[in-house]
Amino acid sequence: MYFTDRGIEELVERRGDDQVTLEWLGERLRDFVDLNPEFETPIERLATYLARLDDPDDDA
């Protein structure tokens, strides 16, 4: 188990029944980076990964 799995498990356990929009998620990610600028690159990579999940032309 990766260290991050604990946070993901907590998220699912606490918020698993919630429904959110991508706009809401984007705002929370922005808030997080504003409070934790050292995580800007990983958050940007996560957002890009999520944005391109279903893009058959994206090789990255």
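Above this text sits the structure in question.
Cut-off values and rules
The written sequence of each chain sets the order in which its residues are numbered from 1. Side-chain atom pairs in this predicted model are given and counted only at pLDDT of 80 or more, local residue features only at pLDDT of at least 70, and totals for whole chains, interfaces and linings cover all residues. Where side-chain values are given, they derive from all heavy atoms of the structure, hydrogens and water being excluded. Within the patch definition used here, like charges are joined within 9 Å and nonpolar side chains (Val, Leu, Ile, Met, Phe, Trp, Tyr) within 5 Å, considering only residues with over 30% relative accessible area and no salt bridge. Computed with a 1.4 Å probe, the accessible areas rest on the Shrake-Rupley method; for each residue, only the protein chains presented here act as cover. What makes a salt bridge here is a side-chain nitrogen of Lys or Arg within 4 Å of a carboxyl oxygen of Asp or Glu, nothing more. The helix and strand labels rest on DSSP assignments: H or I over at least four residues marks a helix, E over at least two residues marks a strand, and numbering proceeds from the N terminus. Using a 1.4 Å probe on the protein chains alone, a residue whose accessible area is under 20% of its type maximum counts as buried, one over 50% counts as exposed, and one in between counts as partly exposed. Points on a 1 Å grid over protein atoms alone make up a cavity when a 1.4 Å probe fits among them but cannot get out, and a pocket when they form an open set with protein on both sides within 12 Å along at least five of seven lines; lining residues each have an atom within 4 Å of a point. Grid points are joined across faces, edges and corners, and a volume is the space filled by probe spheres set on the points.

J.: Hey, could you run me through a nonpolar patch on the surface in this one?
T.: A cluster of nonpolar residues, L46, Y49, L50 and L53, forms a patch on the protein surface that exposes about 390 Å² of accessible area. With respect to the element layout, L46 can be found in helix 3 (residues 40-51).

J.: Help me understand the pattern of salt bridges, please; the structure alone is not making it clear to me.
T.: Note on pairing: side chains with opposite charge can pair once their charged atoms come close. Going through the model one piece at a time under the given rule, you end up with four salt bridges. In this structure, the salt-bridge partner of E10 is R14, at a minimum N-O distance of 2.8 Å. Highlighted residues: E10 and R14, both in helix 1 (residues 3-15), separated by four residues, approximately one helical turn. The closest approach of N and O atoms between R30 and E27, which form a salt bridge, is 2.9 Å. With R30 and E27 both in helix 2 (residues 22-35) and three residues apart, this pair spans about one turn of that helix. Of the residues examined, R30 reaches a relative accessible area of 49% and is grouped as partly exposed. By relative accessible area, E27 is classed as partly exposed at 34%.

J.: Please explain the layout of surface pockets as it appears in this structure.
T.: A probe as big as a water molecule, rolled over the atoms, marks out the empty space that is left. Each pocket or cavity is described by its volume, and for the largest pocket that value is around 860 Å³. As for the largest pocket, its lining consists of 20 residues, of which L11, W24, L25, L29 and L46 are closest to the centre. Of all elements in the fold, only helix 1, helix 2 and helix 3 reach the threshold of two or more residues within the lining of the largest pocket. The element that contributes the greatest number of residues to the lining of the largest pocket is helix 2, accounting for six residues.

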